[in-house]
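Summary of structural features
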Amino acid sequence: MAKFVVDHMEDGMHEWCVLEYKHMISVVGKENMHFSSLSDACLASMPEELKEAYCHKENVLNLPGVDPKDVCLLDPSATEPLKPEDGDTFKYFLFGGILGDDPPRDRTKELRKLGFANRHLGPVQMSTDTAVNVTKHVVDNKVPLDQVPYIDGPEVFFSKHESVNMPFRYIAETKEIITKSGEKKSIRKPIMPPGMLELLKKDSEQSLDF
Amino acid sequence: MAAAAAQISKKRKVADGVFYAELNEFLTRELAEDGYAGVEVRNTPSRTEIIIRATHTQNVLGEKGRRIRELTTLVQKRFRFAESAVELYAERVQNRGLCAIAQAESVKYKLLNGLAVRRACYGVVRFVMESGAKGCEVVVSGKLRAARAKAMKFGDGFMIHSGQPTRDFITTAVRHVLLRQGVLGIKVKIMLDHDPSGRQGPKNPLPDIITILEPKDEAYISEPVSQDFGRPAAEPVAAAPEVEAQ
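Residues numbered from 1 in each chain as written. Chains lettered and ligands numbered in written order. Predicted model: local features only at pLDDT ≥ 70, side-chain atom pairs only at ≥ 80, totals over all residues. Heavy atoms only, no water.

Attention now goes to the overall build of chain B. Looking only at helices and strands, one finds eight helices and seven strands in chain B. Since a compact globule built from 246 residues should have a radius of gyration of about 18 Å, the 27 Å found for chain B marks it as more spread out than a globular shape. Reported as C-alpha extents along the three principal axes, the dimensions of chain B are approximately 85 × 55 × 35 Å. The burial tally for chain B puts 37% of its 246 residues in the buried class. Counting only contacts in chain B whose residues sit at least 6 apart along the sequence, the fraction spanning at least 24 positions is 53%. (Helix = DSSP H or I, 4+ residues; strand = E, 2+ residues; numbered from the N terminus. Rg over C-alpha atoms; globule rule 2.2 N^0.38 Å. Buried < 20%, exposed > 50% of the residue type's maximum accessible area, 1.4 Å probe, protein only. Contact = heavy atoms within 4.5 Å.)

Written out as C-alpha coordinates, the structure reads:
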(Lines give C-alpha, C1' and ligand atoms only; values in the text may rest on other atoms or scores of the structure.)
Protein backbone atom coordinates (compact mmCIF):
# COMPACT_ATOMS: atom_id res chain seq x y z
CA MET A 1 0.00 0.00 0.00
CA ALA A 2 1.47 3.35 -0.97
CA LYS A 3 1.73 6.12 1.57
CA PHE A 4 0.74 9.70 0.79
CA VAL A 5 2.42 12.83 2.11
CA VAL A 6 0.92 16.31 1.75
CA ASP A 7 3.22 19.23 2.49
CA HIS A 8 0.97 22.00 3.78
CA MET A 9 2.05 25.13 1.90
CA GLU A 10 -0.75 27.55 2.78
CA ASP A 11 -0.44 30.10 5.53
CA GLY A 12 -3.12 28.64 7.77
CA MET A 13 -5.53 25.72 8.08
CA HIS A 14 -8.33 27.11 5.92
CA GLU A 15 -11.72 25.50 5.70
CA TRP A 16 -11.04 24.53 2.11
CA CYS A 17 -7.87 22.64 3.15
CA VAL A 18 -9.73 20.88 5.97
CA LEU A 19 -12.43 19.59 3.62
CA GLU A 20 -9.90 18.35 1.07
CA TYR A 21 -7.70 16.68 3.70
CA LYS A 22 -10.70 14.96 5.29
CA HIS A 23 -11.69 13.67 1.87
CA MET A 24 -8.19 12.29 1.33
CA ILE A 25 -8.25 10.44 4.64
CA SER A 26 -11.57 8.85 3.75
CA VAL A 27 -10.17 7.71 0.40
CA VAL A 28 -6.76 6.27 1.41
CA GLY A 29 -7.19 5.60 5.12
CA LYS A 30 -5.69 7.51 8.05
CA GLU A 31 -2.77 5.13 8.50
CA ASN A 32 -1.50 5.93 4.98
CA MET A 33 -1.85 9.71 5.22
CA HIS A 34 0.89 12.09 6.39
CA PHE A 35 0.77 15.87 6.65
CA SER A 36 4.04 17.77 6.97
CA SER A 37 5.18 21.37 7.54
CA LEU A 38 2.29 22.06 9.89
CA SER A 39 2.87 25.15 11.98
CA ASP A 40 1.78 25.33 15.62
CA ALA A 41 -1.17 27.49 14.69
CA CYS A 42 -2.30 24.92 12.13
CA LEU A 43 -1.96 22.02 14.56
CA ALA A 44 -4.01 23.91 17.10
CA SER A 45 -6.85 24.66 14.72
CA MET A 46 -7.02 21.25 13.03
CA PRO A 47 -10.15 19.22 13.69
CA GLU A 48 -9.91 15.83 15.40
CA GLU A 49 -10.47 13.73 12.29
CA LEU A 50 -7.38 15.21 10.67
CA LYS A 51 -5.22 14.64 13.77
CA GLU A 52 -5.91 10.90 13.48
CA ALA A 53 -3.62 10.81 10.45
CA TYR A 54 0.11 11.37 10.87
CA CYS A 55 0.73 15.07 11.48
CA HIS A 56 4.27 16.41 11.46
CA LYS A 57 5.70 19.83 12.19
CA GLU A 58 8.88 19.07 10.25
CA ASN A 59 9.13 19.60 6.54
CA VAL A 60 9.15 16.63 4.23
CA LEU A 61 12.95 16.13 4.16
CA ASN A 62 13.05 15.54 7.89
CA LEU A 63 10.13 13.18 8.34
CA PRO A 64 10.99 10.31 10.68
CA GLY A 65 11.59 6.99 8.94
CA VAL A 66 11.17 8.42 5.44
CA ASP A 67 14.08 7.99 3.02
CA PRO A 68 14.08 10.73 0.35
CA LYS A 69 14.95 8.12 -2.30
CA ASP A 70 11.58 6.42 -1.75
CA VAL A 71 9.65 9.62 -2.30
CA CYS A 72 8.01 10.57 -5.60
CA LEU A 73 6.82 14.17 -6.03
CA LEU A 74 3.68 14.70 -8.13
CA ASP A 75 4.66 17.74 -10.17
CA PRO A 76 2.72 19.26 -13.10
CA SER A 77 5.96 20.15 -14.88
CA ALA A 78 7.52 16.67 -14.70
CA THR A 79 8.41 15.00 -17.97
CA GLU A 80 7.11 11.51 -17.21
CA PRO A 81 3.54 10.56 -16.40
CA LEU A 82 2.70 8.43 -13.39
CA LYS A 83 2.51 4.73 -14.23
CA PRO A 84 1.18 1.74 -12.25
CA GLU A 85 4.75 0.37 -11.95
CA ASP A 86 5.76 3.44 -9.95
CA GLY A 87 3.82 1.93 -7.06
CA ASP A 88 6.59 -0.66 -6.75
CA THR A 89 9.47 1.81 -7.17
CA PHE A 90 8.32 4.40 -4.65
CA LYS A 91 6.89 4.01 -1.19
CA TYR A 92 5.79 7.60 -0.55
CA PHE A 93 3.96 9.99 -2.87
CA LEU A 94 4.37 13.68 -2.14
CA PHE A 95 1.88 16.44 -2.98
CA GLY A 96 2.01 20.20 -2.43
CA GLY A 97 -0.88 21.28 -0.21
CA ILE A 98 -1.61 24.31 -2.38
CA LEU A 99 -4.87 26.14 -3.07
CA GLY A 100 -4.16 26.74 -6.72
CA ASP A 101 -4.42 29.67 -9.10
CA ASP A 102 -5.65 29.61 -12.66
CA PRO A 103 -3.36 29.64 -14.63
CA PRO A 104 -1.17 27.86 -12.07
CA ARG A 105 1.68 29.83 -10.54
CA ASP A 106 3.94 26.78 -10.16
CA ARG A 107 4.17 26.93 -6.37
CA THR A 108 5.18 23.25 -6.54
CA LYS A 109 8.69 24.46 -7.39
CA GLU A 110 9.32 24.88 -3.64
CA LEU A 111 9.14 21.09 -3.39
CA ARG A 112 10.88 20.48 -6.69
CA LYS A 113 13.97 22.26 -5.35
CA LEU A 114 14.36 19.53 -2.73
CA GLY A 115 15.42 17.08 -5.46
CA PHE A 116 12.85 14.27 -5.39
CA ALA A 117 12.05 12.11 -8.39
CA ASN A 118 8.93 13.46 -10.04
CA ARG A 119 5.99 12.36 -12.16
CA HIS A 120 3.05 14.29 -13.60
CA LEU A 121 -0.67 13.51 -13.55
CA GLY A 122 -1.67 15.03 -16.87
CA PRO A 123 -1.82 18.54 -18.34
CA VAL A 124 -4.71 19.97 -16.30
CA GLN A 125 -4.32 21.15 -12.70
CA MET A 126 -6.14 19.05 -10.08
CA SER A 127 -7.23 19.77 -6.56
CA THR A 128 -5.00 18.07 -3.98
CA ASP A 129 -7.61 15.49 -2.97
CA THR A 130 -8.24 14.62 -6.64
CA ALA A 131 -4.49 14.18 -7.16
CA VAL A 132 -4.28 11.81 -4.18
CA ASN A 133 -7.30 9.89 -5.43
CA VAL A 134 -5.89 9.56 -8.97
CA THR A 135 -2.49 8.46 -7.63
CA LYS A 136 -4.20 5.81 -5.51
CA HIS A 137 -6.06 4.50 -8.57
CA VAL A 138 -2.84 4.35 -10.59
CA VAL A 139 -0.41 2.82 -8.09
CA ASP A 140 -2.69 0.75 -5.84
CA ASN A 141 -5.46 -0.31 -8.21
CA LYS A 142 -3.04 -0.41 -11.18
CA VAL A 143 -5.26 1.65 -13.50
CA PRO A 144 -3.26 3.50 -16.20
CA LEU A 145 -3.41 7.31 -15.89
CA ASP A 146 -5.41 7.88 -19.07
CA GLN A 147 -8.04 5.30 -18.17
CA VAL A 148 -9.26 7.11 -15.10
CA PRO A 149 -12.52 8.90 -15.98
CA TYR A 150 -12.06 12.68 -15.74
CA ILE A 151 -14.23 15.75 -16.00
CA ASP A 152 -12.54 19.09 -16.74
CA GLY A 153 -13.77 22.51 -15.71
CA PRO A 154 -17.16 21.50 -14.24
CA GLU A 155 -19.77 24.16 -13.60
CA VAL A 156 -21.71 23.91 -10.36
CA PHE A 157 -25.17 25.53 -10.40
CA PHE A 158 -26.65 26.91 -7.20
CA SER A 159 -29.72 28.45 -8.77
CA LYS A 160 -30.96 29.65 -12.10
CA HIS A 161 -29.02 32.85 -11.53
CA GLU A 162 -25.79 31.73 -9.95
CA SER A 163 -23.09 29.22 -10.83
CA VAL A 164 -19.41 28.59 -10.18
CA ASN A 165 -16.94 27.20 -12.69
CA MET A 166 -13.99 25.27 -11.24
CA PRO A 167 -11.09 25.32 -13.73
CA PHE A 168 -9.60 22.03 -12.54
CA ARG A 169 -9.68 18.37 -13.46
CA TYR A 170 -11.77 16.08 -11.27
CA ILE A 171 -12.47 12.37 -11.33
CA ALA A 172 -15.89 11.78 -12.87
CA GLU A 173 -18.45 9.42 -11.42
CA THR A 174 -21.46 8.33 -13.42
CA LYS A 175 -24.77 8.54 -11.64
CA GLU A 176 -28.23 7.39 -12.65
CA ILE A 177 -30.84 10.06 -12.08
CA ILE A 178 -34.53 10.29 -12.80
CA THR A 179 -35.40 13.53 -14.57
CA LYS A 180 -38.49 15.60 -13.85
CA SER A 181 -40.30 13.91 -16.75
CA GLY A 182 -39.67 10.53 -15.15
CA GLU A 183 -37.05 9.15 -17.53
CA LYS A 184 -33.78 7.64 -16.38
CA LYS A 185 -30.66 9.49 -17.40
CA SER A 186 -27.04 8.85 -16.55
CA ILE A 187 -24.97 11.94 -15.86
CA ARG A 188 -21.30 12.48 -15.02
CA LYS A 189 -20.52 14.40 -11.87
CA PRO A 190 -17.14 15.48 -10.48
CA ILE A 191 -16.07 13.84 -7.23
CA MET A 192 -15.70 16.71 -4.77
CA PRO A 193 -15.20 16.55 -1.00
CA PRO A 194 -18.40 16.42 1.04
CA GLY A 195 -19.31 19.94 2.10
CA MET A 196 -17.55 21.56 -0.86
CA LEU A 197 -20.74 22.82 -2.47
CA GLU A 198 -21.74 24.75 0.65
CA LEU A 199 -18.21 26.15 0.85
CA LEU A 200 -18.32 27.32 -2.78
CA LYS A 201 -21.59 29.08 -2.06
CA LYS A 202 -20.14 30.72 1.05
CA ASP A 203 -17.10 31.94 -0.88
CA SER A 204 -19.26 34.30 -2.92
CA GLU A 205 -20.18 36.05 0.31
CA GLN A 206 -16.58 36.96 0.95
CA SER A 207 -15.26 40.38 0.18
CA LEU A 208 -11.79 41.02 -1.16
CA ASP A 209 -8.90 41.67 1.15
CA PHE A 210 -5.86 43.57 0.09
CA MET B 1 -17.54 59.16 -52.24
CA ALA B 2 -14.94 56.72 -53.48
CA ALA B 3 -12.61 59.55 -54.40
CA ALA B 4 -12.90 61.07 -50.93
CA ALA B 5 -12.24 57.70 -49.33
CA ALA B 6 -9.24 57.12 -51.56
CA GLN B 7 -7.78 60.46 -50.49
CA ILE B 8 -7.51 59.21 -46.91
CA SER B 9 -4.36 57.22 -47.32
CA LYS B 10 -3.68 53.99 -45.47
CA LYS B 11 -1.07 55.76 -43.40
CA ARG B 12 -3.59 58.33 -42.30
CA LYS B 13 -6.13 55.68 -41.42
CA VAL B 14 -3.63 53.83 -39.27
CA ALA B 15 -2.55 57.06 -37.61
CA ASP B 16 -6.19 57.86 -36.82
CA GLY B 17 -6.63 54.43 -35.32
CA VAL B 18 -3.53 54.72 -33.18
CA PHE B 19 -4.63 58.17 -31.99
CA TYR B 20 -8.05 56.84 -31.02
CA ALA B 21 -6.52 53.84 -29.24
CA GLU B 22 -4.13 55.91 -27.17
CA LEU B 23 -6.78 58.46 -26.32
CA ASN B 24 -9.24 55.76 -25.29
CA GLU B 25 -6.67 54.02 -23.10
CA PHE B 26 -5.61 57.26 -21.42
CA LEU B 27 -9.18 58.33 -20.70
CA THR B 28 -10.09 54.83 -19.42
CA ARG B 29 -7.36 55.08 -16.81
CA GLU B 30 -7.92 58.74 -15.98
CA LEU B 31 -11.72 58.81 -15.86
CA ALA B 32 -12.42 55.31 -14.54
CA GLU B 33 -14.09 56.66 -11.40
CA ASP B 34 -16.32 59.01 -13.37
CA GLY B 35 -18.00 56.28 -15.37
CA TYR B 36 -16.10 56.80 -18.60
CA ALA B 37 -17.85 54.89 -21.38
CA GLY B 38 -16.13 55.77 -24.63
CA VAL B 39 -14.87 58.53 -26.85
CA GLU B 40 -15.67 59.81 -30.32
CA VAL B 41 -13.25 61.77 -32.47
CA ARG B 42 -14.57 64.13 -35.12
CA ASN B 43 -12.13 65.60 -37.61
CA THR B 44 -13.11 68.95 -39.08
CA PRO B 45 -10.78 71.04 -41.27
CA SER B 46 -10.31 73.72 -38.61
CA ARG B 47 -10.13 71.57 -35.50
CA THR B 48 -10.53 68.13 -33.99
CA GLU B 49 -13.47 67.56 -31.66
CA ILE B 50 -13.24 64.88 -29.00
CA ILE B 51 -16.50 63.90 -27.36
CA ILE B 52 -16.13 62.02 -24.08
CA ARG B 53 -19.08 59.90 -23.01
CA ALA B 54 -19.31 59.43 -19.26
CA THR B 55 -21.93 58.87 -16.57
CA HIS B 56 -20.68 61.55 -14.12
CA THR B 57 -20.07 64.45 -16.49
CA GLN B 58 -19.88 66.84 -13.56
CA ASN B 59 -16.64 65.22 -12.39
CA VAL B 60 -15.22 65.18 -15.89
CA LEU B 61 -15.82 68.92 -16.23
CA GLY B 62 -14.46 69.66 -12.78
CA GLU B 63 -14.83 72.88 -10.86
CA LYS B 64 -15.86 75.58 -13.38
CA GLY B 65 -14.58 73.44 -16.23
CA ARG B 66 -11.11 73.17 -14.76
CA ARG B 67 -10.55 69.45 -15.26
CA ILE B 68 -11.69 69.35 -18.84
CA ARG B 69 -9.39 72.29 -19.62
CA GLU B 70 -6.51 70.35 -18.07
CA LEU B 71 -7.34 67.32 -20.17
CA THR B 72 -7.49 69.49 -23.30
CA THR B 73 -4.03 70.90 -22.60
CA LEU B 74 -2.68 67.39 -21.99
CA VAL B 75 -4.06 66.10 -25.29
CA GLN B 76 -2.86 69.16 -27.14
CA LYS B 77 0.69 68.91 -25.78
CA ARG B 78 0.99 65.15 -26.20
CA PHE B 79 -0.23 64.97 -29.78
CA ARG B 80 1.33 68.28 -30.79
CA PHE B 81 -1.87 70.02 -31.82
CA ALA B 82 -1.78 73.74 -32.52
CA GLU B 83 -3.41 76.08 -30.00
CA SER B 84 -7.19 75.62 -29.96
CA ALA B 85 -6.97 72.98 -32.68
CA VAL B 86 -8.48 70.41 -30.34
CA GLU B 87 -11.67 70.70 -28.28
CA LEU B 88 -12.99 68.32 -25.63
CA TYR B 89 -16.66 67.89 -24.84
CA ALA B 90 -18.29 65.75 -22.19
CA GLU B 91 -21.56 64.00 -22.95
CA ARG B 92 -23.70 62.12 -20.48
CA VAL B 93 -24.40 58.47 -21.26
CA GLN B 94 -28.15 57.95 -21.52
CA ASN B 95 -29.17 54.94 -19.52
CA ARG B 96 -25.93 53.81 -17.91
CA GLY B 97 -27.67 50.59 -16.95
CA LEU B 98 -27.24 49.45 -20.53
CA CYS B 99 -23.56 50.39 -20.79
CA ALA B 100 -21.34 47.37 -20.07
CA ILE B 101 -18.25 49.51 -19.47
CA ALA B 102 -19.96 51.60 -16.83
CA GLN B 103 -21.32 48.52 -15.09
CA ALA B 104 -17.96 46.73 -15.12
CA GLU B 105 -16.37 49.77 -13.47
CA SER B 106 -19.23 49.78 -10.99
CA VAL B 107 -18.55 46.15 -10.00
CA LYS B 108 -14.85 46.90 -9.74
CA TYR B 109 -15.39 49.83 -7.37
CA LYS B 110 -17.91 47.94 -5.29
CA LEU B 111 -15.41 45.11 -4.80
CA LEU B 112 -12.57 47.51 -4.03
CA ASN B 113 -14.74 49.19 -1.41
CA GLY B 114 -15.17 45.92 0.45
CA LEU B 115 -18.58 44.72 -0.68
CA ALA B 116 -19.11 40.93 -0.86
CA VAL B 117 -18.81 39.47 -4.34
CA ARG B 118 -22.37 38.17 -4.43
CA ARG B 119 -23.89 41.45 -3.25
CA ALA B 120 -21.86 43.52 -5.70
CA CYS B 121 -22.72 41.34 -8.69
CA TYR B 122 -26.39 40.80 -7.90
CA GLY B 123 -26.77 44.53 -7.35
CA VAL B 124 -25.43 45.24 -10.80
CA VAL B 125 -27.49 42.48 -12.44
CA ARG B 126 -30.67 43.81 -10.85
CA PHE B 127 -29.88 47.40 -11.90
CA VAL B 128 -29.20 46.33 -15.47
CA MET B 129 -32.44 44.35 -15.72
CA GLU B 130 -34.39 47.28 -14.25
CA SER B 131 -32.89 49.56 -16.90
CA GLY B 132 -34.64 47.50 -19.53
CA ALA B 133 -32.06 44.98 -20.71
CA LYS B 134 -33.15 41.61 -21.98
CA GLY B 135 -30.40 39.75 -20.12
CA CYS B 136 -27.25 40.30 -18.11
CA GLU B 137 -24.32 38.18 -16.97
CA VAL B 138 -21.50 39.16 -14.58
CA VAL B 139 -18.47 36.86 -14.15
CA VAL B 140 -15.80 37.36 -11.48
CA SER B 141 -12.80 35.06 -12.05
CA GLY B 142 -9.69 34.57 -10.05
CA LYS B 143 -8.36 33.44 -6.73
CA LEU B 144 -9.75 34.80 -3.50
CA ARG B 145 -7.80 34.32 -0.30
CA ALA B 146 -8.08 30.87 1.33
CA ALA B 147 -9.79 29.38 -1.71
CA ARG B 148 -8.96 27.85 -5.05
CA ALA B 149 -9.22 29.81 -8.30
CA LYS B 150 -12.72 29.80 -9.68
CA ALA B 151 -15.12 31.77 -11.84
CA MET B 152 -18.32 32.99 -10.13
CA LYS B 153 -21.15 33.71 -12.55
CA PHE B 154 -24.28 35.70 -11.80
CA GLY B 155 -26.97 36.22 -14.39
CA ASP B 156 -30.57 36.92 -15.16
CA GLY B 157 -32.77 37.04 -18.21
CA PHE B 158 -31.99 35.90 -21.70
CA MET B 159 -28.57 35.62 -23.36
CA ILE B 160 -27.47 34.54 -26.81
CA HIS B 161 -23.97 33.35 -27.55
CA SER B 162 -23.48 32.81 -31.25
CA GLY B 163 -23.98 34.47 -34.59
CA GLN B 164 -24.34 37.97 -35.96
CA PRO B 165 -27.02 38.92 -33.39
CA THR B 166 -24.32 38.75 -30.72
CA ARG B 167 -22.61 41.67 -32.43
CA ASP B 168 -25.82 43.68 -32.61
CA PHE B 169 -27.40 42.93 -29.27
CA ILE B 170 -24.62 42.30 -26.77
CA THR B 171 -22.23 44.78 -25.15
CA THR B 172 -19.29 43.37 -23.20
CA ALA B 173 -16.67 44.87 -20.94
CA VAL B 174 -13.67 43.39 -19.13
CA ARG B 175 -11.91 44.99 -16.18
CA HIS B 176 -9.04 43.90 -13.91
CA VAL B 177 -8.92 44.29 -10.14
CA LEU B 178 -5.36 44.19 -8.84
CA LEU B 179 -5.06 42.39 -5.51
CA ARG B 180 -2.06 41.54 -3.41
CA GLN B 181 -2.15 37.90 -4.49
CA GLY B 182 -2.89 38.39 -8.15
CA VAL B 183 -5.52 39.78 -10.47
CA LEU B 184 -9.27 39.26 -10.43
CA GLY B 185 -11.11 39.51 -13.74
CA ILE B 186 -14.55 41.07 -14.11
CA LYS B 187 -16.62 40.45 -17.24
CA VAL B 188 -20.00 42.08 -17.80
CA LYS B 189 -22.23 41.06 -20.69
CA ILE B 190 -25.49 42.91 -21.35
CA MET B 191 -28.05 41.80 -23.90
CA LEU B 192 -30.02 44.80 -25.11
CA ASP B 193 -33.67 44.75 -25.99
CA HIS B 194 -34.61 45.58 -29.55
CA ASP B 195 -35.71 49.20 -29.83
CA PRO B 196 -37.41 50.34 -33.03
CA SER B 197 -36.32 53.93 -32.41
CA GLY B 198 -32.71 52.78 -32.38
CA ARG B 199 -31.69 54.69 -29.26
CA GLN B 200 -31.47 51.98 -26.63
CA GLY B 201 -30.90 48.93 -28.72
CA PRO B 202 -30.66 47.65 -32.25
CA LYS B 203 -33.45 48.55 -34.64
CA ASN B 204 -33.98 45.09 -36.04
CA PRO B 205 -35.39 42.33 -33.87
CA LEU B 206 -33.73 38.96 -33.40
CA PRO B 207 -33.85 36.97 -36.63
CA ASP B 208 -35.77 34.09 -35.11
CA ILE B 209 -38.56 36.14 -33.55
CA ILE B 210 -41.80 35.66 -35.42
CA THR B 211 -44.70 38.04 -34.81
CA ILE B 212 -48.05 36.60 -35.74
CA LEU B 213 -50.46 39.39 -36.57
CA GLU B 214 -54.06 39.30 -35.42
CA PRO B 215 -56.47 38.47 -38.25
CA LYS B 216 -58.44 41.48 -39.48
CA ASP B 217 -62.11 41.66 -38.54
CA GLU B 218 -64.28 40.48 -41.39
CA ALA B 219 -67.36 42.47 -42.27
CA TYR B 220 -70.60 40.53 -41.91
CA ILE B 221 -71.93 39.51 -45.33
CA SER B 222 -75.76 39.49 -45.44
CA GLU B 223 -76.31 38.83 -49.17
CA PRO B 224 -74.11 37.72 -52.08
CA VAL B 225 -71.78 40.44 -53.26
CA SER B 226 -69.54 40.46 -56.29
CA GLN B 227 -66.31 42.36 -56.38
CA ASP B 228 -64.31 43.02 -59.49
CA PHE B 229 -60.66 42.14 -58.66
CA GLY B 230 -59.41 42.69 -62.19
CA ARG B 231 -59.54 46.45 -62.13
CA PRO B 232 -57.05 48.16 -59.82
CA ALA B 233 -57.44 51.91 -59.14
CA ALA B 234 -54.81 53.58 -61.43
CA GLU B 235 -55.59 54.22 -65.11
CA PRO B 236 -52.41 52.84 -66.77
CA VAL B 237 -52.68 49.61 -64.83
CA ALA B 238 -56.30 49.25 -65.97
CA ALA B 239 -54.95 48.72 -69.47
CA ALA B 240 -53.05 45.62 -68.33
CA PRO B 241 -56.01 43.32 -67.46
CA GLU B 242 -57.53 44.11 -70.79
CA VAL B 243 -54.30 43.10 -72.46
CA GLU B 244 -54.26 39.87 -70.46
CA ALA B 245 -57.88 39.07 -71.27
CA GLN B 246 -56.92 38.98 -74.92
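A few words on the overall build of chain A. Within chain A, the secondary structure is distributed over seven helices and eleven strands. The C-alpha radius of gyration computed for chain A amounts to 18 Å, which stays within 12% of the reference 17 Å derived for 210 residues, consistent with globular compactness. Along the longest, intermediate and shortest principal axes, the C-alpha atoms of chain A span 60 × 40 × 30 Å. When each of the 210 residues of chain A is scored for burial, the buried share is 49%. Counting contacts in chain A only where the partners sit at least 6 residues apart, residues at least 24 apart contribute 61% of the total. For chain A, the computed accessible surface area is about 10,400 Å², with 51% contributed by carbon and sulfur atoms. Looking at charge distribution, chain A has the averaged site of its 26 positive side-chain charges lying 3 Å from that of its 35 negative ones. (Areas by Shrake-Rupley, 256 points an atom, 1.4 Å probe, with all protein chains shown as cover. Lys, Arg positive; Asp, Glu negative; His and termini not counted. Charge placed at Lys NZ, Arg CZ, Asp CG, Glu CD.)

Let us now look at the sheet that holds strand E5 (residues 150-157) of chain B. With antiparallel pairing, six strands are arranged side by side in an open sheet as E8(A)-E9(A)-E5(B)-E4(B)-E7(B)-E6(B). Taken across any chain shown, the strands that pair with only one partner, and hence form the sheet edges, are strand E8 (155-157) of chain A together with strand E6 (170-178) of chain B. Averaged over neighbouring strand pairs, the angle between their axes works out to 15° when direction is ignored. As paired elements, strand E9 (residues 162-165) of chain A and E5 of chain B share four bridges and run antiparallel to each other. If you follow Asn165 of chain A over to E5 of chain B, its bridge partner there is Ala151 of chain B. Helix H6 (residues 117-130) of chain B rests against E9 of chain A together with strand E4 (135-142), E5 and strand E7 (183-191) of chain B of the sheet, and its axis sits at about 25° to E5 of chain B. (Pairing = 2+ DSSP bridges. Axes fitted to C-alpha atoms, helices over the stretch in contact; angles between N-to-C directions.)

Counting 77 residues, the largest nonpolar core has Met33 and Phe93 of chain A together with Val117 and Ile190 of chain B as its most contacted members. If you tally residues by element for this core, the top one is helix H1 (residues 15-28) of chain A, at eight residues. There are two domains that each give this core at least three residues, and those are domain 1 (3-143) and domain 2 (150-204) of chain A. Non-local contacts of Val117 of chain B, meaning those with residues more than four positions away in its chain, are made with Ser204, Gln206 and Leu208 of chain A together with Leu111, Val140, Leu144, Met152 and Phe154 of chain B. Formed by 15 residues, the second largest nonpolar core is a distinct cluster that contains Leu31, Val39, Ala54 and Leu71 of chain B. (Core = buried A, V, L, I, M, F, W, Y, C linked by side-chain atoms within 4.5 Å. Domains from an automatic or database assignment.)

The sites that carry the UniProt feature "domain: KH type-2" (unreviewed entry) are, in the present numbering, residues 23-94 of chain B. The span residues 23-94 of chain B carries 36% helix and 31% strand; its end-to-end C-alpha distance comes to 22 Å. (UniProt positions renumbered as here; feature names shortened; annotations may be inferred.)

Residue and element names in this part refer to chain A. Reading across the sheet, the three strands line up as E7-E10-E11 and stay open at both edges, with antiparallel pairing between neighbours. With partners counted over all chains shown, the strands left at the sheet margins are strand E7 (150-152) and strand E11 (184-190), one partner each. When the angles between neighbouring strand axes are averaged without regard to direction, this sheet yields 50°. Along the sheet, helix H6 (residues 128-139) makes contact with E7 and strand E10 (169-178), crossing E10 at roughly 85°.

Attention now goes to the interface of chain B and chain A. Facing 27 residues of chain B, the contacting portion of chain A comprises 34 residues. At the boundary of chain B with chain A, total buried surface from both sides reaches about 2,700 Å², with 51% on carbon and sulfur atoms. Its largest share of buried area at the contact with chain A, chain B owes to Arg118, Arg145 and Arg148 of chain B, together 29% of the area lost on that side. Taken together, chain B and chain A are joined by six salt bridges. Between Arg145 of chain B and Asp11 of chain A there is a salt bridge, and its shortest N-O distance comes to 3.2 Å. Summed over the shared surface of chain B and chain A, the number is 19 residue pairs in polar contact (both at pLDDT 80 or more). When grouped by side-chain class, the residues that make up the side of chain B that touches chain A number 16 nonpolar, three polar and eight charged. (Buried area = accessible area lost by both parts, 1.4 Å probe. Salt bridge = Lys/Arg side-chain N within 4 Å of Asp/Glu carboxyl O. Polar contact = N/O pair within 3.5 Å; in protein donor to acceptor, adjacent residues only side chain to side chain. Nonpolar A, V, L, I, M, F, W, Y, C, P; charged D, E, K, R; others polar.)

Turning our attention to the confidence of the model for chain B. Overall, the predicted model of chain B reaches an average pLDDT of 87, with 91% of residues at or above 70. In the model output, the complex is listed with pTM 0.82 alongside ipTM 0.86. (pLDDT = per-residue confidence, 0-100.)

Before going further, it helps to examine the pattern of salt bridges. Should the charged atoms of two oppositely charged side chains come close, the side chains can pair. One pass over the full model with this rule turns up 30 salt bridges over all chains. For Arg148 of chain B, the salt bridge is made with Glu20 of chain A, and the minimal N-O distance between the two is 2.8 Å. Of this pair, Arg148 of chain B sits in the loop between E4 and E5 while Glu20 of chain A is found in helix H1, placing the two residues in two different chains. The class for Glu20 of chain A is buried, based on a relative accessible area of 3%.

What follows deals with H6 of chain B. The terminal C-alpha atoms of H6 of chain B lie 20 Å apart, and with 14 residues this matches the ideal 20 Å at 1.5 Å per residue to within 8%. For H6 of chain B, the complete set of buried residues consists of Val117, Arg118, Ala120, Cys121, Val124, Val125 and Val128 of chain B. Where the residues of H6 of chain B are buried, they touch E9 and helix H7 (196-203) of chain A together with helix H5 (100-112), E4, E5 and E7 of chain B. Where H6 of chain B ends, the next residue or the one after it, Gly132 of chain B, has phi of about 100°, a positive value. (Expected span 1.5 Å × (residues − 1).)

Here we come to H6 of chain A. Residue and element names in this part refer to chain A. The end-to-end C-alpha distance of H6 is 16 Å, a good match for the 16 Å that twelve residues give at a rise of 1.5 Å each. The buried fraction of H6 is high, at eleven of twelve residues. Listed as buried for H6 are Thr128, Asp129, Thr130, Ala131, Val132, Asn133, Val134, Thr135, Lys136, Val138 and Val139.

Residue and element names in this part refer to chain B. The full count for this structure, using the stated rule, is zero disulfides over all chains. Not engaged in a disulfide, the cysteine Cys99 finds its nearest cysteine sulfur in Cys136; these two sulfurs lie 12 Å apart. Given a relative accessible area of 13%, Cys99 falls into the buried group. Free of any disulfide, Cys121 has its nearest cysteine sulfur in Cys136, 9.4 Å distant. Residue classification places Cys121 among the buried residues on the basis of a relative accessible area of 0%. (Disulfide = S-S within 2.5 Å.)

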